[in-house]
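What follows is each chain in one-letter form.
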Amino acid sequence: MSAEIPRRSSARSDGPARSPWVHVAQAAAALAAGMGVGRFVYTPILPLMHAQAGLSAGAGANLATANYVGYLAGALVGILLPALARSSTALRGSLIVLTGTLATMPFTHSIAVWIVLRLVAGAASALIFVIAVSSLLSRLRTHPAHLPGWAFGGVGAGIALSGLLVLVLRPVSDWQAAWWGSAGLAAILTALSWNLRVELPPATEPAMEPVPATAPALGTATATDSLAATPARSPRTHRWFTALFVSYTLEGVGYIVAGTFLVAAIEQASPGWIGSGAWVLVGLAAVPSSALWAWLGRRWSRPDLLLAALVIQAAGIALPALVGGVAAALISAFLFGATFLGVSTIALAAGAHLRFPRSVALLTAGYSVGQILGPLVVTPLLRHGYHQALILAASVVLAAAVAAAVLRIGFPHHTGAARPTAPGRQTAPARAGGQ
């Protein structure tokens, strides 16, 4: 997207030149392991654990909440200890720990142990995300903005691969094999991302350059967060940011309910392959979504795009609860997959555009708290199945859309404050409708 986050510019190259697509592929593999598999494989495995491992709906929600609490904790560690964002050792260690938690899940039926494992997995996922995104933002700073967008598509690729894995295993095996298979998949993705270049060259200069803000938050912030905004004193800026904060926090509540229970809800009405198949489609739709929404952000205003994405997502979440059948399930999956990364991309770029102090960190905190609250809020409804939970989630996302509509009122498509740049370097003003 065309909003700009200042970032340190390197005075020299660190190593032989290579195609930026190699870095994109390695970062995508890390995000696929940490997010697509480590975090979201639980969604297609959850119905199997209900049917075969005796996991209740309430306990399933508690496992999801534990993972999101761990994710928030890991994100905070990554922010408080920024050196971790430049550590290959931390990346590799987190990938190994994550793979280990997946492989350990089948060895017990203890809810308490499962909670601990999902908590640790959440923290590892967050650190992987922080490190991979920091690497992308520093090493692709001179390349087109769509390249990081494709790297973030690794999240969708991991979702699709894990969904396909469960789809293939479920007719011939059980929930335990699904967890072991996911650990094997995470191990393969770990190997592919093992040599991801993380550390910045030692001759890094303190000069700042404007670069595209394309990174979706997914519950965390990057190490460049402290540079994302200059102080804002306008009361109207506070009003706009408040509307954005409310919208993004509500999105955290609503999206995570679908992200956790969509497969179980679909299989409640359409047993068999449809639930896992729909989850594969979620991942496939998510692969190009960040790059696509970034491209759209060059042509339309972010408040308009945010409103559109939230309305589309709300419709997708509600659809399987209102209309049964294969077509409704697949359309729901496509709409959800095509928007959940896009909403993060748009919201964070809008916050940076407003130049509100620590905008990315504040928005991410609200989003993360929303993700923790989501499963807890719908737990009382789960005794009646998952459809009521999806209806509530869609309603919350619609409320987020209302807040986005408020954001549209008088939104400043041009901002007058200048960004810090290298001496003698000027930053071009943002374009209306594509700020």
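Residues numbered from 1 in each chain as written. Predicted model: local features only at pLDDT ≥ 70, side-chain atom pairs only at ≥ 80, totals over all residues. Heavy atoms only, no water.

J.: Mind showing me how you'd approach the overall build of the protein here?
T.: Along the protein, the regular secondary structure elements total 14 helices and two strands. Residues classed as buried in the protein amount to 58% of the 435 residues present. Long-range pairs, those at least 24 residues apart, make up 88% of the contacts in the protein with a sequence separation of at least 6. In the form shown here, the protein has an accessible surface area of approximately 15,500 Å², with 69% of it arising from carbon and sulfur atoms. (Helix = DSSP H or I, 4+ residues; strand = E, 2+ residues; numbered from the N terminus. Buried < 20%, exposed > 50% of the residue type's maximum accessible area, 1.4 Å probe, protein only. Contact = heavy atoms within 4.5 Å. Areas by Shrake-Rupley, 256 points an atom, 1.4 Å probe, with all protein chains shown as cover.)

J.: Sorry if this is basic, but what is going on with the packing of aromatic side chains here?
T.: Any aromatic ring pair is given by two values, namely how distant the centres are and how the planes are angled relative to each other. Applying the stated criterion across every chain yields a total of twelve aromatic pairs. Between Tyr-255 and Phe-340, the aromatic rings sit 5.8 Å apart at their centres with planes inclined by 10 degrees, giving stacked as the arrangement. Of the two residues, Tyr-255 sits in helix H8 (residues 235–269) while Phe-340 sits in helix H12 (residues 326–353), which places them 85 residues apart along the sequence. As far as the burial class goes, Tyr-255 and Phe-340 line up, both buried. (Phe/Tyr/Trp six-rings, centres within 6.5 Å; stacked < 30°, edge-to-face > 60°.)

J.: I tried to follow the side chain of Ser-301 on my own but got confused; where do I start?
T.: Tracing the backbone shows Ser-301 in the loop between helix H10 (289–296) and helix H11 (302–322). Side-chain polar atoms of Ser-301 contact the side chain of Asp-304, separated by 2.9 Å. (Polar contact = N/O pair within 3.5 Å; in protein donor to acceptor, adjacent residues only side chain to side chain.)

J.: Looking at this structure, I do not really get the side chain of Ser-94. What am I missing?
T.: On the secondary structure map, Ser-94 appears in helix H4 (residues 88–104). By relative accessible area, Ser-94 is classed as buried at 7%. At a separation of 2.8 Å, a polar atom in the side chain of Ser-94 contacts the main-chain carbonyl oxygen of Ala-90.

J.: Could you clarify how one ought to interpret the nonpolar core in this entry?
T.: One recurring pattern in soluble globular proteins: nonpolar side chains tend to sit buried together. Grouped together as the largest cluster of nonpolar side chains are 118 residues, with contacts concentrated most on Met-49, Trp-179 and Leu-244. If we skip the residues at most four places from it in the chain, Leu-244 touches Leu-306, Ala-347, Ala-350, Gly-351, Leu-354, Leu-363 and Leu-407. (Core = buried A, V, L, I, M, F, W, Y, C linked by side-chain atoms within 4.5 Å.)

J.: For this particular structure, what's the right way to read the environment of Leu-305?
T.: Here Leu-305 shows up in helix H11. Separated by twelve residues in sequence, Leu-305 and Trp-293 have C-alpha atoms that sit 8.2 Å apart. The contact partners of Leu-305, leaving out residues within four places of it in the chain, are Trp-293, Leu-296, Gly-297, Trp-300 and Ile-346.

J.: Could you clarify how one ought to interpret a nonpolar patch on the surface in this entry?
T.: On the surface, a nonpolar cluster with roughly 340 Å² of combined accessible area is contributed by Val-69, Val-97, Val-116, Leu-119 and Val-120. The element best represented in the nonpolar patch is helix H5 (residues 111–139), accounting for three residues. Tracing the chain through its elements places Val-69 in helix H3 (residues 57–80). (Patch = residues over 30% accessible without salt bridge, like charges linked within 9 Å, V, L, I, M, F, W, Y side chains within 5 Å. Salt bridge = Lys/Arg side-chain N within 4 Å of Asp/Glu carboxyl O.)

J.: Is there a simple way to think about the pattern of salt bridges in this case?
T.: Pairing between side chains of opposite charge can happen when their charged atoms approach one another. By the definition in use, this model includes two salt bridges. With a closest N to O distance of 2.5 Å, Arg-170 and Glu-267 form a salt bridge. Taken together, the residues span a long stretch of sequence, with Arg-170 in the loop between helix H6 (146–169) and helix H7 (175–193) and Glu-267 in helix H8 at a distance of 97 residues. Given a relative accessible area of 23%, Arg-170 falls into the partly exposed group. For Asp-304, the salt bridge goes to Arg-408, with nearest N and O atoms at 2.3 Å. One end of the pair, Asp-304, is in helix H11; the other, Arg-408, is in helix H14 (residues 387–408), with 104 residues separating them in the sequence. With a relative accessible area of 31%, Asp-304 lands in the partly exposed category.

So far we have only geometry, and geometry alone does not tell us how the molecule works.
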